[in-house]
Amino acid sequence: MGFRCGIVGLPNVGKSTLFNALTNTQSAEVGNYPFCTVEPHVGRVPVIDSELIEVSKLAKSRKVIPAQLEVVDIAGLVRGANKGEGLGNQFLGNIREVDAIIHLVRCFDDEQVSHVEGDIDPIRDINLIEIELMLADLESIEKQTNNLQKKSKSGDKFAKDALPIAEKITEILRDGKPSRLFVGNNDETKIMRSFQLLTAKPVLYVCNVDEKSVHVGNNNSKKVEVFSKAENAKYITISAAIESEIASLEDFNEREEFINSLGLKEFGLERLVKGGYDLLSLISFFTAGEKESRAWTIKQGTNAQNAAGVIHTDFSRGFICAETISFKDYIEYSGEQGAKEAGRMRQEGRQYLVNNKDIILFRFNV
C-alpha cells in the first residue's frame, strides 16, 4: 500500500536540500531498511518508530522493518504554472499523483541565495502556489460541471448528486479559497474527492528557517503559523541546512551528539516524516516474532480483515480471527506470552477496527 507526499515550493526554498537530507538521514537511522530511489527525485523513507523498536526487543526479533512513506521532490513552481509556464505542466502533473502536499516555505534570509520573487515573504509565496493550484482546479471543475449538467439532464443519478457539489466547489475556488475547505457529509466528501482537485489534498506547511531560529522560529515562521491555523492546516519548523549537516555525518552517534549540542530533542526530519504520516490519517499495526518485527501501514478506521489483506490477500480471503494485543499491554506484560497469560490477548473478528500500534497475529485458512 503506497502513500505519497510531494514536497512543493518556489525555486530556491530548500526543497532538494531537504529531500537529500531526508533520504540520507533516514536511511542511516534504520540500517536494515535503507532508503531506495524509485525514480529520479522519488524515494521511500522509513517512519522511525520507537514503539516498534520496543516491541522488537521483547520479541527478540532478528530484523526490524518500519512503515514507509514515499516522498517526491517536485520541480519548483513559477507564476503562470497553470498555463504551462516554466515546468508548470510537469509540476501540476506530479502533484496530481501524490496523496498529500509538504509545502516548504522559505523563512530565512541569505544574500547568497536569491529569491525568485526578490525578497522574503512567506505568505505571498504560499499564496502564489495556492493561486496556481486554484486556477488549475477552477479550469478542471468548470469542465466537469459542464459535463455533469449534460448528464443530469439525461437522468444520470451520479451527475444529479454531484452537480450541486461541483457548483459549491466552483464558488469556493472563485472566492480565492482552496477546495479542501469544502464541508460536506461522507457521501458528499466522497463525490468531492472524485473530482481529483489539486487543492483538495491535505497540506503540511514546513517553515525552512536558519540555524538560530530552529528552536522558537522567527517572524516569518510565525506568520505561517497564523496562516496555517486559519486554514485548519498543520505546520512544523525545520532547518534544512542543519538537517543537511546531520546527514553528512556517517556515524549515528555523531548525529545524536550534534543535535544535542544544538539543544534539539530530535531530528527535524523525523518530525517531518511523522507529520506526513499524520497528514494522511495513517496508523500502524505491528506483527512481531523472532524472525522480524514489522510495522504495516493502514488508514485510520480500517477493519481487521482489510488490515490482514495489507500483508497478503490470502490473509484477508481466508480470515478467521485477529489475535490482538494492545501496545500498552504488550510492554506491560513483557511480550506476547506474558500478555497471553494475563488474559490480555483478544480474539477479534473481521469487523474489529484496528488501533494504532496494535500487535496482531492473523489466523486464516485458504
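Just so it is clear, the structure is predicted and the values come from calculations on it, not from any experiment.

Give a detailed account of the overall build of the protein, specifying residues and quantitative values.
Within the protein, the regular secondary structure consists of 14 helices and 13 strands. A burial count over the protein gives 50% of its 366 residues as buried. Contacts in the protein between residues at least 24 apart in sequence constitute 69% of all its contacts with a sequence separation of at least 6. Within the structure as shown, the protein displays about 18,200 Å² of accessible surface, and the carbon and sulfur contribution to it stands at 46%.

Account for the packing of helix H4 (residues 122–153) against helix H7 (residues 219–230), with residues named and values stated.
It is the contact of H4 with H7, at a shortest axis distance of 9 Å, that shows an interaxial angle of 45°. The angle between H4 and H7 places the two elements in the oblique class. Contacts between H4 and H7 involve Pro122, Ile123, Ile126 and Asn127 from the former and Asn220, Lys223, Val224 and Phe227 from the latter.

For the packing of helix H5 (residues 157–174) against helix H6 (residues 186–194), give the residues involved together with the corresponding values.
Interhelical geometry of H5 versus H6 gives an angle of 80° and a closest axis separation of 10 Å. For the element pair H5 / H6, the angle class is roughly perpendicular. On the side of H5, the interface is formed by Phe158, Asp161, Ala162, Ile165 and Ile169, while H6 contributes Glu188, Ile191, Met192 and Ser194. Residue composition of the contact of H5 with H6, grouped by class: 6 nonpolar, 1 polar and 2 charged.

Could you give me a rundown of the pairing of strand E8 (residues 234–238), with the residues and numbers involved?
Bridge count between strand E7 (residues 203–208) and E8: 5 bridges; the pairing is parallel. Paired with Cys207 across the two strands is Thr237, which belongs to E8. Once the chain exits E7 it traverses H7 before rejoining the sheet at E8, and the crossover so formed is right-handed.

If you had to explain the packing of aromatic side chains to someone new, which residues and values would you point to?
Tallying each qualifying case throughout the model produces 4 aromatic pairs. Judged by centre distance (5.8 Å) and plane angle (85°), the rings of Phe285 and Phe362 are edge-to-face. Of this pair, Phe285 sits in strand E9 (residues 282–288) while Phe362 is found in strand E13 (residues 359–364), placing the two residues 77 residues apart along the sequence. Using a relative accessible area of 0% as the deciding quantity, one classes Phe285 as buried. On the accessibility criterion, Phe362 (7% relative accessible area) is buried. These aromatic residues form a ring-pair network of at least three members: Phe285, Phe319 and Phe362. The ring of Trp296 has Arg294 sitting right over it, with the charged end atom 4.2 Å from the ring centre.

Could you give an account of the confidence of the model for the protein, with specific residues and numbers?
Of the residues in the protein, 89% have a pLDDT of 70 or more, and the chain-wide mean is 86. For the stretch residues 25–40, pLDDT sits under 50, and the model shows 39 contacts to residues farther than four places along the chain or on other chains.

Would you mind going over the pattern of salt bridges in detail, with residue names and values included?
All told, the structure shown has 17 salt bridges when counted by the stated rule. Of the charged contacts, one joins Asp119 and Arg124 as a salt bridge, the two residues approaching to 2.5 Å between their closest N and O atoms. Among the salt bridges present, the one from Arg317 reaches Asp314, with a minimum N-O distance of 2.7 Å. Taken together, the residues span about one helical turn, with Arg317 and Asp314 both in helix H12 (residues 313–317) at a distance of 3 residues. For Asp314, a relative accessible area of 23% corresponds to the partly exposed category. Three or more residues are tied together by salt bridges with common partners; here these are Arg4, Glu70 and Glu97.

A description of helix H8 (residues 240–248) should follow, citing residues and the corresponding values.
Because an α-helix packs 3.6 residues into every turn, residues spaced three or four apart end up facing the same way. Among the residues of H8, Ala240, Ile242, Glu243, Ile246 and Ala247 are the ones counted as buried. When H8 is viewed along its axis, its buried side chains cluster within an angular range of 155° and face the same direction.

Any details on unusual backbone geometry? Residues and values, ideally.
The backbone phi angle of Ser281 is positive, close to 55°, even though this residue is not glycine. Secondary-structure assignment places Ser281 in the loop between helix H10 (268–279) and E9. Residue Ser281 is classed as partly exposed on the basis of its relative accessible area of 34%. The phi dihedral of Lys357 is positive, around 75°, even though this residue is not glycine. Locating Lys357 in the fold gives a position in the loop between strand E12 (346–348) and E13. Overall, Lys357 belongs to the buried group, its relative accessible area being 15%.

Give me the lowdown on H10, citing residues and values where you can.
Between its terminal C-alpha atoms H10 stretches 16 Å, which fits the 16 Å expected from 12 residues at 1.5 Å a residue. The buried fraction of H10 amounts to 9 of the 12 residues, a majority that puts the element mostly inside the structure. Of all the positions in H10, only Gly268, Leu269, Glu270, Leu272, Val273, Gly275, Gly276, Tyr277 and Leu279 are classed as buried. After H10 finishes, the residue Ser281 shows a positive phi value of roughly 55°.

Criteria and thresholds
Residues numbered from 1 in each chain as written. Predicted model: local features only at pLDDT ≥ 70, side-chain atom pairs only at ≥ 80, totals over all residues. Heavy atoms only, no water. Helix = DSSP H or I, 4+ residues; strand = E, 2+ residues; numbered from the N terminus. Buried < 20%, exposed > 50% of the residue type's maximum accessible area, 1.4 Å probe, protein only. Contact = heavy atoms within 4.5 Å. Areas by Shrake-Rupley, 256 points an atom, 1.4 Å probe, with all protein chains shown as cover. Axes fitted to C-alpha atoms, helices over the stretch in contact; angles between N-to-C directions. Parallel < 35°, antiparallel > 145°, perpendicular 65-115°, else oblique. Nonpolar A, V, L, I, M, F, W, Y, C, P; charged D, E, K, R; others polar. Pairing = 2+ DSSP bridges. Right-handed = clockwise from strand over helix to strand, strands pointing away. Phe/Tyr/Trp six-rings, centres within 6.5 Å; stacked < 30°, edge-to-face > 60°. Lys NZ or Arg CZ within 6 Å of the ring centre and 35° of its normal. pLDDT = per-residue confidence, 0-100. Salt bridge = Lys/Arg side-chain N within 4 Å of Asp/Glu carboxyl O. Arc of directions from axis to C-beta. Expected span 1.5 Å × (residues − 1).

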